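Each chain, letter by letter, is given below.
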Amino acid sequence: MGSTSCFVMLLSLVLTLCVAFSPLVEARAFFVFGDSLVDNGNNNYLATTARADAPPYGIDFPTRRPTGRFSNGLNIPDLISEAIGSESTLPYLAPELTGERLLVGANFASAGIGILNDTGIQFLNIIRIYKQLEYFQQYQQRVTALIGQEQTQRLVNEALVLMTLGGNDFVNNYYLVPFSARSRQFSLPDYVVYIISEYRKVLLRTYELGARRVLVTGTGPLGCVPAELAMRSRNGECSVELQRAAGLFNPQLVQMITSVNAEIGADVFIAANTNQMTMDFVSNPQAYGFVTSKIACCGQGPYNGIGLCTPASNLCPNREIFAFWDPFHPSERANKIIVQQILTADSKYMTPMNLSTIIQLDSRV
């Protein structure tokens with residue numbers, strides 16, 4: 001009787017341990033690269049002005065505190081993590097990203113960066129995209145020490161990756177100042193061709209490092225954010241020139257992704273038309289339950305579009321009815337609309353498939 005009861009206890013302990021630890025190995029890892037739209041707080045650890053670590057950022061986050069996310073609450077990576085049944089990834093520079101927490105994935109994004117190294121130079125110390133990819137290599141070495149090389153390669157190959165770049169190459173480079181160095185070097189159409197060719201190199205390097213499912217978001221409607229309305233608009237109309245930039249960049253991004261997938265022979269890269277997703281509620285905010293898509297919830301000056309969101313800024317009492325949280329970034333509720341489209345939208349928004357289809361396909365493998 002005693003031996004039977006010992007066996008039952010041992011079996012129970014084994015089952016408990018399997019349940020406790022299997023999700024860490026089996027759950028899909030998630031990696032994030034890009035700019036402030038997807039930064040979960042890496043810039044908190046850097047000497048830079050591009051940071052969101054003071055109130056009222058994070059006012060609607062579960063902790064009600066600023067986290068370094070450029071949002072009133074959850075950002076796009078948080079919401080994608082929820083969709084794949086995972087906890088939010090930690091910033092790669094966060095000291096608590098150690099041990100088994102590494103197996104969830106990591107967020108390498110850094111506010112202010114672009115495809116080009118000279119984008120965001122005014123922010124000084126930010127993690128440019130190739131440095132983010134270096135950190136991804138370093139991450140893999142750290143995980144190899146934890147679970148071995150074969151398991152690490154499997155974790156990376158089976159992971160979901162999010163890449164968000166491009167907007168800053170216009171807003172914080174080409175159009176940062178009149179007659180910028182890049183605008184003197186390139187006409188706008190030639191500049192777009194150039195940054196798309198540079199982006200291609202970034203995506204291929206991501207593939208070399210083991211990424212096999214990569215969501216690549218386009219730019220939003222750059223000329224319609226409150227910051228650009230404040231600087232360039234007379235009557236609340238979107239900036240024609242910045243809209244032209246987005247209109248040139250986004251279709252060429254989809255073409256480039258289609259070409260890279262054909263070269264690889266697999267649908268590794270998935271284009272998300274976040275420009276159209278955002279334009280839907282920018283052009284018809286009431287249809288999505290927003291009162292305005294022109295005025296930021298937090299800011300100052302015309303359209304609350306001037307300067308940074310700080311404790312001294314105007315702050316709306318109800319963030320649910322504002323499409324933009326600050327002069328540049330969507331509100332949490334707007335992010336939810338975007339992620340819902342990434343999950344379920346048709347080919348108007350997602351090429352060659354949406355995230356739900358990816359999850360279904362990959363679960364069969």
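Caption draft 1: Layout of the state of the cysteines. Under the criterion given, the structure shown has 3 disulfides. In this model Cys 224 forms its disulfide with Cys 238; the gap between the sulfur atoms is 2.1 Å. Taking the torsion about the S-S bond as the criterion, the Cys 224 to Cys 238 disulfide, at about 115 degrees, is right-handed. Of this pair, Cys 224 sits in the loop between strand E4 (214–217) and helix H8 (226–232) while Cys 238 sits in the loop between H8 and helix H9 (240–264), placing them 14 residues apart in sequence. Assessed through its relative accessible area of 1%, Cys 224 is described here as buried. Two residues share a disulfide in this structure: Cys 298 and Cys 309, whose sulfurs sit 2.0 Å from each other.

Caption draft 2: Layout of the packing of helix H7 (residues 188–208) against H9. Look at H7 against H9: their axes get within 9 Å of each other, and the N-to-C directions meet at 35 degrees. Of the two possible hands of crossing, H7 and H9 adopt the one that is right-handed. Broken down by class, the residue content of the contact of H7 with H9 amounts to 18 nonpolar, 2 polar and 4 charged.

Caption draft 3: How the structure looks around H9. The terminal C-alpha atoms of H9, which comprises 25 residues, lie 36 Å apart, in line with the 36 Å expected from a rise of 1.5 Å per residue. Considered for burial, the residues of H9 that qualify are Leu 242, Ala 245, Ala 246, Phe 249, Asn 250, Leu 253, Met 256, Ile 257, Val 260 and Asn 261. If you follow the buried residues of H9, they end up packed against helix H5 (167–174), H7, E4, H8, strand E5 (269–272) and helix H10 (274–283). Downstream of H9 by one or two residues, Gly 265 has phi in the positive range, about 90 degrees.

Caption draft 4: Summary view of the sheet that holds E4. Spatially, E2-E1-E3-E4-E5-E8 is the arrangement adopted by the 6 strands of the open sheet, whose pairing is mixed. Edge positions in the sheet fall to strand E2 (105–107) and strand E8 (350–351), since each has one partner strand and no second. Strand contacts of H9: E4, E5 and E8, with the helix running at about 165 degrees to E5, the strand carrying the most contacts.

Cut-offs applied
- Residues numbered from 1 in each chain as written.
- Predicted model: local features only at pLDDT ≥ 70, side-chain atom pairs only at ≥ 80, totals over all residues.
- Heavy atoms only, no water.
- Disulfide = S-S within 2.5 Å.
- Helix = DSSP H or I, 4+ residues; strand = E, 2+ residues; numbered from the N terminus.
- Buried < 20%, exposed > 50% of the residue type's maximum accessible area, 1.4 Å probe, protein only.
- Axes fitted to C-alpha atoms, helices over the stretch in contact; angles between N-to-C directions.
- Left-handed = near helix turned anticlockwise from the far one by under 90°.
- Nonpolar A, V, L, I, M, F, W, Y, C, P; charged D, E, K, R; others polar.
- Expected span 1.5 Å × (residues − 1).
- Contact = heavy atoms within 4.5 Å.
- Pairing = 2+ DSSP bridges.

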